[in-house]
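# A structural walkthrough
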Amino acid sequence: EKIAWTVGKHTIKIGFYLEKYDKNEEFGAPPQGEIVFSGSSAVSTGNGLADMFLGRMGQYTEGSPIVNGVPVGGYNKGHWRATQFEPYVQDDWKATRKLTFNLGLRYYYYSPLHDVTHPTVDSGFAPSLYNPQFAPQLDANGNLIISPDTINYTTFGNGLLECGNALPSGCTVAHKANFAPRFGFAYDPFGQGTSVIRGGYGLYFEPPNLISTEQTQGNLPFELADSGFNIAGYQSIVPGAIGPASIHAIPFHGSATYSQQFSLGVEHQFPRSYLLGITYVGNLGRHLPRQRNLNQVPIGVGNVNAPALAGTTGCDAAGNCDVQNLLINNIQPSIFFVPYRGFSTIKMLEPTAISNYNSMQVSLRHTVSHGLTLQVMYTYGHTLDDASAYAQSYGTNDYSLSRWYATSSMNRTHVFQASYVYDLPFFRNTTHSLVREVGAGWKISGITSLFSGQPVDVTCGVSGYSTGVGTQVRCNSVGNLAKQKWVFNDPQFGPTETFFNPAVVTQPLLSQFRADNEPGMFGYLGRNALQGPGRNNSDLALLKNFSAPWFRGEHSEVQFRFETFNSFNHTQFNSINASCSSSLTFGQPCTNLGNGEVAGAFSPRLIQIGLQFNF
C-alpha cells in the first residue's frame, strides 16, 4: 500500500509491504515403508528384479512420528507461519533546477518461521547444553547403545531442545534493529538536460528465517526414519538398529543478513540520439547464510577412547584409539570420535559468510533513427565470497571457513551484450505495390553475447584415504593454473580440445592429510582457482509484418519470423573435466585420462520458422 503527495519541491511517499506466509505440509520418510533393492547388498542375487520377487532387500526404511521417545506410526504434519512487514517513507526533493535528491528510510520486521502445531514439530540444538557423560555409546557397528542413563535423539535433552518452549518460537530471536536508509541524487551540471551525474546508496535486509530455509521443520526428535539392511524375506522386516543421525541447527540469536549497494556514474546524450553511461556499481554482503558442520572431528585430535573399538586395528585393549591413523586410512568412520557423540552431521545454518562485488558498467543506447535501434552494455566486475550458496559446505575443514574466501562461483569478469533492430531500407519507395508489399518492411533483430567463463573448482582425493578429521582433501598446484588450450588425442574420443594443463596440479602429500595445523594442511590449492570457458553467441531473426485482409474494421496482420540461435554455429564449451583421479597416489600430477579436457558444449545452430497472426 502507498500514498503520495507533493509539497513545494518535495514529493513524499509513505507505504508498507506486508506478507503473511502459511505452509501446512506432511514431512518425513514414508510411513508405509520404502524398500531398496541393491545389486551390491550382501543378500542380493546380483539382479534387482530377482531380488524384488525373492524378497532380498538391500535396505528397508520406515518413517514414523515419535511421541515421548516411542514411534507411533503414521504421517507427521506441521503448520508453519511467518510475517514480513516493511514500512517505508521516501522524499524526492528537487533542491534546485539542476539537483534532485532521493531520501528514504525502510524498516524491516520479520517474525521467525515457526510451527503453530501443539506440540510443535520444530526443534533446535544448543552445543553448550550437550554433556558427553549422558551421550549413548556406540557398538562396533556404529549404532547407538540405548540405556536408561543416556539420552538419545528420540527425546529432548542433551542439547536437543523444543522450539517455543525451551527455545524461542521458531528456534531464534528475530533481529529488531533493521533500519535501512536510502540515499540518491541526480545532478545536471550544465542545466541543458544532456548530461547527468547519478549516485546512490542503500541498505537491504533479508529475513533471518530464510537462513534456516525451513530446515528446523520436522527436525529430530519428531521424526524417526528407522532402517534395516540386508534383509532376506519380507517376513523378516523388523525395526533396525538406530544409528547416529544428522540434524539441522540455527543460531538462537542470529545477526540480520544484509547488503549494502552503492553506485556513482555519469550519462551524456550525444547528437543523433546516442546515450552513453559509465557507472561504478558495488555491493557488500554481510552476515550471509551458509552451512557449517558443528560435529566435525577437531583439528589436532590425538588419542580418543572408544570402548566399542577396544582391541581392533588402531586401538588398544582399553579402547584408546589413534584417531588420525584410523581416519586417514579409512579404518573406522568419524562418528566414533566427533564432539557430539550420537549424532553424525550437525548442520549449523549460520549468518557468517561475506561477499564483495565491484564493477564498472558501460552502456550505449541509440533510440530509433535511420531505422536502427541499438543497446550495448559491457560490465567489468569481480565478485568474491566465502560461500556462494546458503547450503554450501566444502567438506574439508569447517573450523577454518576463511580459507574459502575466493572468486565467487557465479563470477563473470567480462560481460558484453548488444541488442539491435534494423529496418532494412530496400523497396520502400518503389511504385510497384506487389514488390513493395513483399520486399519492403523487413527487419533484422538480434542479441549478441560475449562473456568470460565462471570459475571452476579443481578437486583431488586419493582412493582409500581421508583427512585426519575424516573429510576431503584439496589439490596442490606446482605451476600456473590458467587457461592453456591445445588438442589431445584421446584414445576413446579422438582429438579433443583441452582447457588447462593438468600437470600443474598434483595430489597432496600423505603428510598433508594430517590434521596438525602445519602449512599446507589438507592441500594448498584454494577454491575456484581456474576460470572456465566463456561464450560467444549471436541469435538473429529476420521478420516482416504483412497486412491481413480479414477483420477490416480492425487492424490485423501476419508476422513471418525466420530465427537462428547460435547463428554462426560457434562451438561454445560449457564444462571441463577438472578432477584428479583418485587412483593417483600422493604427490602425483593429475594427468589422468580426460582431466583438463572439455566435457560439454552448448547447442549448435538451431533454425526456427514461425507465423503469428495479430488482430
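Located above this text is the structure these notes cover.
Bear in mind that the values here come from a model prediction, so they are computed numbers and not experimental data.

Procedures and definitions
- Residues numbered from 1 in each chain as written.
- Predicted model: local features only at pLDDT ≥ 70, side-chain atom pairs only at ≥ 80, totals over all residues.
- Heavy atoms only, no water.
- Phe/Tyr/Trp six-rings, centres within 6.5 Å; stacked < 30°, edge-to-face > 60°.
- Helix = DSSP H or I, 4+ residues; strand = E, 2+ residues; numbered from the N terminus.
- Buried < 20%, exposed > 50% of the residue type's maximum accessible area, 1.4 Å probe, protein only.
- Pairing = 2+ DSSP bridges.
- Salt bridge = Lys/Arg side-chain N within 4 Å of Asp/Glu carboxyl O.
- Disulfide = S-S within 2.5 Å.
- Patch = residues over 30% accessible without salt bridge, like charges linked within 9 Å, V, L, I, M, F, W, Y side chains within 5 Å.
- Areas by Shrake-Rupley, 256 points an atom, 1.4 Å probe, with all protein chains shown as cover.
- Core = buried A, V, L, I, M, F, W, Y, C linked by side-chain atoms within 4.5 Å.
- Contact = heavy atoms within 4.5 Å.

### Brief notes about the packing of aromatic side chains
Per the stated rule, a full pass over the model turns up 22 aromatic pairs. Consider the rings of phenylalanine 101 and phenylalanine 183, whose centres lie 6.1 Å apart with planes at 35°: the pair is tilted. Residue phenylalanine 101 is found in strand E7 (residues 99–107), and its partner phenylalanine 183 is found in strand E12 (residues 179–187); the two are separated by 82 residues along the sequence. Given the relative accessible area of 37%, phenylalanine 183 is considered partly exposed. Plain terms: the ring middles of tyrosine 107 and phenylalanine 179 are 4.8 Å apart, the flat faces sit at 45° to each other, and that makes the pair tilted. Here the residue tyrosine 107 occupies a position in strand E7, and phenylalanine 179 occupies one in strand E12, the gap between them amounting to 72 residues. Given a relative accessible area of 49%, phenylalanine 179 falls into the partly exposed group. A connected cluster of aromatic rings, assembled from ring pairs, spans Phe125, Tyr130, Tyr153, Tyr340 and Phe343.

### Topic: the pairing of strand E23 (residues 414–423)
Of the pairings in the sheet, the one linking strand E21 (residues 372–385) to E23 comprises 9 bridges and is antiparallel in character. In the strand pairing of E23, glutamine 375 is matched with serine 419. Summarising the sheet, E23 and strand E24 (residues 443–451) pair through 9 bridges and their orientation is antiparallel. From the neighbouring strand, glutamine 417 faces E24, where its bridge partner is serine 449.

### Considering the pattern of salt bridges
The tally for this structure, following the rule as stated, stands at 13 salt bridges. Here arginine 106 and glutamate 86 are joined by a salt bridge, their closest N and O atoms 2.9 Å apart. Placement of the pair is arginine 106 in strand E7 and glutamate 86 in strand E6 (residues 76–93), with a sequence separation of 20 residues. Judged on exposure class, the residue arginine 106 and its partner glutamate 86 are both buried. For glutamate 563, the salt bridge is made with arginine 561, and the minimal N-O distance between the two is 2.9 Å. Assessed through its relative accessible area of 14%, glutamate 563 is described here as buried.

### Focus on the state of the cysteines
Tallied over the entire structure, the rule returns 4 disulfides. Here cysteine 460 pairs with cysteine 475 through a disulfide, and the sulfurs are 2.0 Å apart. In this structure the cystine formed by cysteine 460 and cysteine 475 twists about its S-S bond by roughly 110°; its chirality is therefore right-handed. With cysteine 460 in the loop between strand E25 (455–456) and strand E26 (476–477) and cysteine 475 in the loop between E25 and E26, the pair connects residues that are 15 residues apart, well separated along the chain. Among the residues examined, cysteine 460 registers a relative accessible area of 13% and is labelled buried. One disulfide bridge connects cysteine 580 with cysteine 590, the sulfur atoms lying 2.1 Å from each other. Across the S-S bond linking cysteine 580 and cysteine 590, the dihedral sits near -90°, which makes this disulfide left-handed. With a gap of 10 residues between them, cysteine 580 in the loop between strand E33 (573–576) and strand E34 (598–601) and cysteine 590 in the loop between E33 and E34 connect regions that are remote in the sequence. Residue classification places cysteine 590 among the buried positions, given a relative accessible area of 1%.

### Structural notes on a nonpolar patch on the surface
A cluster of nonpolar side chains, Ile3, Trp5, Val7, Ile14, Val89, Leu105 and Phe179, forms an exposed patch at the surface whose accessible area comes to about 620 Å². When residues of the nonpolar patch are assigned to their parent elements, the largest contribution, 3 residues, is made by strand E1 (residues 2–7).

### Observations concerning the nonpolar core
Core analysis: the largest hydrophobic core is formed by 35 residues, its most contacted members being Phe125, Tyr153, Val297, Phe337, Phe343 and Ile346. Of all the secondary structure elements, the ones that give two or more residues to this core are strand E15 (245–249), helix H3 (323–328) and strand E20 (343–369). Other than its neighbours up to four places away in sequence, phenylalanine 343 contacts Phe125, Tyr130, Tyr153, Pro244, Ala245, Ile247, Asn295 and Val338.

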